[in-house]
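What follows is each chain in one-letter form.
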Amino acid sequence: MIELSKKIGARVRGDELETYKSLEEVYTHPDDLKVIERIKNSSPSVDHRGYFKLTILPRIKVVIFFSVVFMLIANIFNLK
């Protein structure tokens, strides 16, 4: 993953937002400092609601959208 990220000009981040140059060399990227500070200052309940709004809710909307589209196509072409 680290070698691939170098080839495409990206970086590899860990679960705690640490950035890997190699398996032995780890640092905090300057772009992540604001995110880390925001996470440290936020309460857990706000994080869970934010996580739901940013990740789970959009996925639910996509599933509902494609379900409705599938049902409409099935009704149009009588694919029951």
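Analysis parameters
- Residues numbered from 1 in each chain as written.
- Predicted model: local features only at pLDDT ≥ 70, side-chain atom pairs only at ≥ 80, totals over all residues.
- Heavy atoms only, no water.
- Phe/Tyr/Trp six-rings, centres within 6.5 Å; stacked < 30°, edge-to-face > 60°.
- Buried < 20%, exposed > 50% of the residue type's maximum accessible area, 1.4 Å probe, protein only.
- Lys NZ or Arg CZ within 6 Å of the ring centre and 35° of its normal.
- Patch = residues over 30% accessible without salt bridge, like charges linked within 9 Å, V, L, I, M, F, W, Y side chains within 5 Å.
- Areas by Shrake-Rupley, 256 points an atom, 1.4 Å probe, with all protein chains shown as cover.
- Salt bridge = Lys/Arg side-chain N within 4 Å of Asp/Glu carboxyl O.
- Helix = DSSP H or I, 4+ residues; strand = E, 2+ residues; numbered from the N terminus.
- Pairing = 2+ DSSP bridges.

Asker: Teacher, can you tell me more about the packing of aromatic side chains here?
Answerer: The geometry of an aromatic ring pair is captured by two quantities: the separation of the ring centres and the angle between the planes. Applying the stated criterion across every chain, the model contains one aromatic pair. Ring geometry for Phe 65 against Phe 66: centres 5.2 Å apart, planes inclined by 75°, an arrangement best described as edge-to-face. Under the relative-accessibility criterion, Phe 66 is labelled exposed at 51%. When the ring centre of Tyr 27 is taken as reference, the NZ or CZ atom of Lys 21 above it lies at 5.3 Å.

Asker: Whenever I open this one, a nonpolar patch on the surface confuses me. Can you help?
Answerer: A cluster of nonpolar side chains, Phe 52, Ile 56, Ile 60, Ile 64, Val 68, Phe 70, Met 71, Leu 72, Ile 73, Ile 76 and Phe 77, forms an exposed patch at the surface whose accessible area comes to about 1,100 Å². Of note, Met 71 is situated in helix 3 (residues 44-76).

Asker: Looking at this structure, I do not really get the pattern of salt bridges. What am I missing?
Answerer: It is possible for side chains bearing opposite charge to pair when their charged atoms get close. According to the stated counting rule, one finds four salt bridges in the structure shown. With its nearest N and O atoms 2.8 Å apart, the salt bridge here joins Arg 11 to Asp 32. Taken together, the residues span a long stretch of sequence, with Arg 11 in the loop between helix 1 (2-8) and strand 1 (12-13) and Asp 32 in the loop between strand 3 (26-27) and helix 2 (33-41) at a distance of 21 residues. It is possible to trace a salt-bridge network through shared partners that takes in Arg 11, Arg 13 and Asp 32.

Asker: I tried to follow the sheet that holds strand 2 (residues 19-20) on my own but got confused; where do I start?
Answerer: Two pairing modes exist for strands in a sheet, parallel and antiparallel, and in both the strands are linked by backbone hydrogen bonds. What the three strands build is an open sheet, ordered 1-2-3; its pairing is antiparallel. This sheet does not close on itself; its edge strands, each paired only once, are strand 1 and strand 3. In this structure, strand 2 lies alongside strand 3, joined through two bridges in antiparallel fashion. By the bridge assignment, Tyr 20 is partnered in strand 3 with Val 26.

Bear in mind that shape data such as this cannot, by itself, settle questions of function.
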